[in-house]
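Understanding the architecture of this molecule
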Amino acid sequence: RIEERGLNRRGSVEIWIKALFLLTGFWFSLLQMYTNSNFFVAMAWSITMGSFAAMIGTNIQHDGNHGAFAQSKFMNKCAGWTLDMIGASAFTWEFQHMLGHHPYTNVLDGVEEMKKEEGVDCKIEEKDQESDPDVFSSFPLMRMHPFHTPAWFHRYQHIYAPFLFALMTLAKVFQQDYEVAVSKRLYHIDAQARYGSIWNVFRFWSMKFITMIYMMGLPIYFHGAAKGMALFVIGHLACGELLATMFIVNHVIEGVSYAKKDLQGVKEDGNDDTSKVVGKPATINGDTPMEKTRQQAMQSSASNSSDENAVPSVPFNDWAAVQCQTSVNWAPGSWFWNHFSGGLSHQIEHHLFPSICHTNYAYIQDVVEKTCAEYGVPYQCEPSLLVAYGKMLSH
């Protein structure tokens, strides 16, 4: 499909134009926030700046760090560096998003989680790195995976969750980034690959220092300590709320599946034949949507063919099948929402093809959906972000 339309797999005129617009909007909003003496107008510009920062995160750095922003490795590095430009660390993001979330979407290491609930923290060498930090890093404040033990306050998390979402970037900039840089570890993931380099450590600390100057220092200089800090926080709250809203509806929502790694096997004659295996993905209610979609595919195939094996057998824990079972699209096929979200609205396509520029997702969406139907693999879509957000809250 991409070749048929004469499109590039990595990079496009569309993303370059959008990147220029977003970067200009970010710096212009920041300048207006500095120089406008009316605090309420400056506050509006701070919210605008935070929104542009969120869009830079989803549209530029996201593709850049996935190697999808451009054909050039150097330009992809530059695009990825824009995350440092808005105050966070691209290195830390790479570990959480690309090594934790993408390969093991909605997968939880059941053995490790049981140990953590018992207060046992294993050495990094003993940890199984096949676990999605996006579904366990917010626990126990929020319960996003059905395996986690529920607490009394989790029944109210649909009420307080939107407020926690707004704090997402503040927590990342001031807590997670520093913890990972110092400990060289992100939860169960060894971060030596990035923070073991002197040059990378220098980049981390220098960018933190520089961004604090223009994100916090200059607002304080122009507006005073109290108002300057308020503008800084307001910008982050806007950024965090927008980012979290577009991300969470893709994986924590009614109908989506979750998977868990547990020990399977037996111990005989002193030999340990047990191993951790990803079980059959299931919804929070315990049912497996892929069983239904596979049955539908077989019924459809039977009506068109006499071959009982016309539908290829796909394991429930097949990597690509797991990506489809644990991800949800919203506003599928929409060119506008695809651009607005940086491709997050086509989450299934992104998880299957993370190195393809997100501007292509709207064009390949129907191909992916038809292929999923052919193989009996779930392909969940919601008509809009609003509907998806409502189902996320009721989940």
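Preceding block: the structure.
These numbers were taken from a predicted model, which means no experiment stands behind them.

Per the secondary structure count, the chain includes 17 helices and 9 strands. For 395 residues, the compact-globule estimate of 2.2 N^0.38 gives 21 Å, and the chain sits close to it at 22 Å. Referenced to the eigenvectors of the C-alpha coordinate spread, the extents of the chain come out at roughly 75 × 55 × 40 Å. The buried share among the 395 residues of the chain stands at 50%. Sequence-distant contacts in the chain: of pairs separated by 6 or more residues, those separated by 24 or more amount to 69%.

Residues Trp81, Trp199 and Phe202 make up a contiguous nonpolar surface patch of roughly 350 Å² in combined accessible area. If you trace the backbone, Phe202 turns up in helix H10 (residues 198-223). Given a relative accessible area of 52%, Phe202 falls into the exposed group.

Every α-helix winds through 3.6 residues per turn, so residues three or four apart in the chain are directed the same way. Of all the positions in helix H7 (residues 157-166), only Gln157, Ala161, Phe165 and Ala166 are classed as buried. Considering only its buried residues, H7 is in contact with helix H8 (168-183), helix H11 (225-248) and helix H17 (385-394).

A few words on the packing of helix H3 (residues 73-85) against H10. For the pair H3 and H10, interaxial distance at closest approach is 9 Å and the crossing angle is 55°. Regarding the angle of H3 to H10, the classification is oblique. Residue-level contacts link Trp81, Asp84 and Met85 of H3 to Trp199, Arg203, Met207, Thr211 and Tyr214 of H10. Residue composition of the contact of H3 with H10, by class: 5 nonpolar, 1 polar and 2 charged.

This paragraph deals with H8. At Gln176, H8 shows its largest bend, some 30°. Where H8 is buried, its residues meet helix H4 (90-101), strand S2 (185-186), helix H9 (192-195), H10 and H11. Just downstream of H8 lies Lys184, where phi reads positive at about 55°.

What follows is about the nonpolar core. Counting residues in each nonpolar core, the largest one holds 36 residues, and the members touching the most others are Phe26, Leu30, Ile56, Ile60, Phe69, Ile86 and Met215. Listed by contribution, the elements that provide at least two residues to this core are helix H1 (13-35), helix H2 (39-65), H3, H4, H8, H10 and H11. At 9 residues, H2 tops the list of elements feeding residues into this core. Those residues in contact with Ile86 that sit more than four places away from it in its chain are Phe26, Ala53, Ile56, Gly57 and Met215. Counting residues in hydrophobic clusters, the runner-up holds 20 residues, among them Ala161, Ile248, Ala331 and Ala388.

On to the environment of Gly50. Locating Gly50 in the fold gives a position in helix H2. The class of Gly50 is buried, set by a relative accessible area of 1%. For the pair Gly50 and Leu243, spaced 193 residues apart in sequence, the C-alpha separation works out to 10.0 Å. With sequence-adjacent residues up to four places away left out, Gly50 is seen in contact with Gly235 and Cys239.

Turning our attention to the state of the cysteines. Under the criterion given, the structure shown has 0 disulfides. Cys381 takes part in no disulfide bond, and the closest cysteine sulfur, belonging to Cys372, lies 9.2 Å away. A residue is classified by how much of its surface remains accessible, and Cys381, at 25% relative accessible area, is partly exposed.

With that settled, consider the pattern of salt bridges. Pairing of side chains with opposite charge becomes possible as their charged atoms draw close. Scanning the entire structure with this criterion turns up 8 salt bridges. Between Glu4 and Arg1 there is a salt bridge, and its shortest N-O distance comes to 3.7 Å. Through salt bridges with shared partners, a single network forms among Arg1, Glu4 and Asp366.

What counts, and where the lines are drawn
- Within any chain, residue numbers begin from 1 and follow the written order of that chain's sequence.
- Confidence filtering applies because this is a predicted model: local features only for residues at pLDDT of at least 70, side-chain atom pairs given and counted only at 80 or more, and all residues used for totals across whole chains, interfaces and linings.
- Side-chain calculation: all heavy atoms of the structure are included, whereas hydrogens and water are not.
- Secondary structure elements follow DSSP: runs of H or I of four or more residues count as helices, runs of E of two or more count as strands, with numbering from the N terminus.
- We take the radius of gyration over the C-alpha atoms and set the globule estimate at 2.2 Å times the residue count to the 0.38 power.
- Each residue is placed in one exposure class: buried if its accessible area under a 1.4 Å probe, protein chains only, is under 20% of its type's maximum, exposed if it is over 50%, and partly exposed if it falls in between.
- Throughout, a contact is declared for two residues whenever any of their heavy atoms are within 4.5 Å.
- Patches draw on residues past 30% relative accessible area with no salt bridge. Two like charges within 9 Å are joined, as are two nonpolar side chains (Val, Leu, Ile, Met, Phe, Trp, Tyr) within 5 Å.
- Surface exposure here means Shrake-Rupley accessible area, sampled with a 1.4 Å probe, where a residue is shielded only by the protein chains that are shown.
- Salt bridges are defined by distance alone: a side-chain nitrogen of Lys or Arg within 4 Å of a carboxyl oxygen of Asp or Glu.
- In this analysis an axis means a line fitted to C-alpha atoms, helices contributing only their contacting stretch, and an angle means the value between N-to-C directions, from 0 to 180 degrees.
- Working definition: roughly parallel below 35 degrees, roughly antiparallel above 145 degrees, roughly perpendicular at 65 to 115 degrees, and oblique for all remaining angles.
- Nonpolar residues are Ala, Val, Leu, Ile, Met, Phe, Trp, Tyr, Cys and Pro. Charged residues are Asp, Glu, Lys and Arg, and all others, Gly as well, are polar.
- Bend at a given residue is defined as the angle between two axes, one fitted to the seven residues that end at that position and one fitted to the seven that begin there.
- Grouping buried Ala, Val, Leu, Ile, Met, Phe, Trp, Tyr and Cys residues that are joined through side-chain atoms within 4.5 Å yields what is termed a nonpolar core.
- Cysteine sulfur atoms are paired as a disulfide whenever they come within 2.5 Å of each other.

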